[in-house]
Amino acid sequence: MDYYQRSIIQNIEEWLVKNKVIILYGARQVGKSTILEILSQSHLGMIILNCELSSVQEVLTSSDVERIKYYFGEASVVALDEAQKIEDIGSILKMLQESKEIKSKIIATGSSSFELANLITEPLTGRNIKFSVYPFSIGELAQIKSNAWVADHIEQFLIYGQYPETLHLSPNEKQLFLENLSLDYLFQDILNLDNQLNAKIIKNLLRALALQLGSQVSRNELAQIVQIAPQTVSKYLDLLEKCFVIFSLESLSKNLRNEIKKSKKYFFVDLGIRNAIISNFSPLSLRNDVGALWENFCIMERIKLNSLKNNKPNLYFWRTYDQAEIDLIEEVNGKYNVFEFKWNAKNKTKIPLSFVHNYPVRMQKIITPHNFYAILEEVADIEPIASIE
């Protein structure tokens, strides 16, 4: 079977030669299993074990090194798919990594960073390298298709997202896939983490976030909407982030008195899931949320790029009480890369001078549908700017 290549595979290959356990995090259906299949084509001695199978669970939890060694055979690489299904997986991965009897390199995948991270963090300190797997980036899609194809499908990405499965589906098929996926992975995976969680609350909370996309969100306001305590809202939001459903930006507030402080904006890892939650797959010409969709799309593309390049900037938005604002700020080594995202290219936009005069701005970009590809420009290739007029 032919598979679409993923850019992250090169990073994984570079770490396979080192004595580290490789951890792949990501939501269901983003392509983790496909990545394992692609790796197996270039590593002929690689085996992939489905950790949802009771037989695999029974062998690994036995902690019997000789038995596990026999089970692995002569495999050069052993991939444990859905590794969070294995009880005490962190200690087991540590044992496999430290064992002189087991020569295989180990890769583990998990659909929930919340569960898998909690299970492996302490046992595997200093012994693992983590990668996040996201839906296709536009850089990957350009390599699979072409630059022209990506440019022609920007509207489709804002409506149906970029899950690999949607690549060849018709609009109706994409909608059905996303509606089913939103139910399966939003509820089944999350509820499996804590049987005290409430599916109705999750649904109502996500709908509230989807309808406030790109806006500052108040925890107390969300608590009133879903009728739970603010502390419980925080718990759900944290869980949804760790399960790759949403992500948040904090407000940057260091220098100016009128900066809005301690505020957050929430976005969705994939816009297809967001639109499925509110049952809105209408064309952009019929929507009033296009600006928010564009902002979400562009920020997520920066996150994918930084993850692939192993860049770890601090991410913020910025706003003042007199309505000066910046959509995305990447703080890198004490300097700031500044982005504004405007769907309507006719509206002239400038970076607020109040920000430029008070913060060390390294570079600035205004991203529109006419120059969307500039979102993929790497920070390392951009010269610092002296000022912005």
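To be clear, the structure that these remarks concern was listed above.
What counts, and where the lines are drawn
Residues numbered from 1 in each chain as written. Predicted model: local features only at pLDDT ≥ 70, side-chain atom pairs only at ≥ 80, totals over all residues. Heavy atoms only, no water. Axes fitted to C-alpha atoms, helices over the stretch in contact; angles between N-to-C directions. Helix = DSSP H or I, 4+ residues; strand = E, 2+ residues; numbered from the N terminus. Parallel < 35°, antiparallel > 145°, perpendicular 65-115°, else oblique. Contact = heavy atoms within 4.5 Å. Nonpolar A, V, L, I, M, F, W, Y, C, P; charged D, E, K, R; others polar. 1 Å grid on protein atoms, 1.4 Å probe; cavity = no way out; pocket = protein on both sides within 12 Å on 5 of 7 lines; lining within 4 Å. Points joined across faces, edges and corners; volume = space filled by probe spheres on them. Phe/Tyr/Trp six-rings, centres within 6.5 Å; stacked < 30°, edge-to-face > 60°. Buried < 20%, exposed > 50% of the residue type's maximum accessible area, 1.4 Å probe, protein only. Lys NZ or Arg CZ within 6 Å of the ring centre and 35° of its normal.

K.L.:
So what's going on with the packing of helix α3 (residues 54-61) against helix α4 (residues 65-72)? Which residues, and what values?
P.N.:
At a minimum axis distance of 8 Å, the contact between α3 and α4 shows a crossing angle of 140°. When the interaxial angle is binned, α3 and α4 end up oblique. The residues of α4 that touch α3, namely those facing Ser55, Val56, Glu58, Val59 and Leu60, are Arg67, Ile68, Tyr71 and Phe72. In the contact of α3 with α4, the residues fall into six nonpolar, one polar and two charged.

K.L.:
Just give me the short version of the layout of surface pockets, but keep the residues and values in it.
P.N.:
Its volume calculated, the largest pocket comes out at about 1000 Å³. As for the largest pocket, its lining consists of 32 residues, of which Ser132, Tyr134, Ile303, Ser307 and Lys312 are closest to the centre. The set of elements that each furnish at least two residues to the lining of the largest pocket consists of α1 (8-16), β5 (128-132), α13 (230-242), β7 (246-251), α15 (290-308) and β9 (314-319). Residues of the lining of the largest pocket, tallied by class, amount to 16 nonpolar, nine polar and seven charged. Contributing to the lining of the second largest pocket are 22 residues, with Ser7, Ser137, Glu140, Lys304 and Leu308 lying nearest its centre. Looking at the lining of the second largest pocket, the elements with two or more residues in it are α1, α7 (138-144) and α15. Here the element with the most residues in the lining of the second largest pocket is α15; it accounts for five residues. Residue composition of the lining of the second largest pocket, grouped by class: eight nonpolar, nine polar and five charged.

K.L.:
So what's going on with the packing of aromatic side chains? Which residues, and what values?
P.N.:
Taken as a whole, this structure holds 15 aromatic pairs when the rule is applied. Ring plane angle 25° and centroid distance 5.5 Å describe the contact between Trp294 and Phe297, whose orientation is recorded as stacked. Of this pair, Trp294 and Phe297 both sit in helix α15, three residues apart, which is roughly one turn of that helix. Measuring from centroid to centroid gives 5.3 Å for Trp294 and Trp343, while their planes differ by 65°, and the two rings are edge-to-face. Taken together, the positions of Trp294 in helix α15 and Trp343 in the loop between β11 (335-341) and α16 (353-356) put the pair 49 residues apart, joining distant regions of the chain. Given a relative accessible area of 0%, Trp294 falls into the buried group. Taken together, Trp149, Phe157, Trp294, Phe297 and Trp343 form an aromatic cluster joined through their ring pairs. For Lys18, the ring lying beneath its charged end belongs to Trp15, and the centroid distance is 4.1 Å. The cationic tip of Lys265 hangs over the ring face of Phe317; the distance from NZ or CZ to the ring centre is 4.9 Å.

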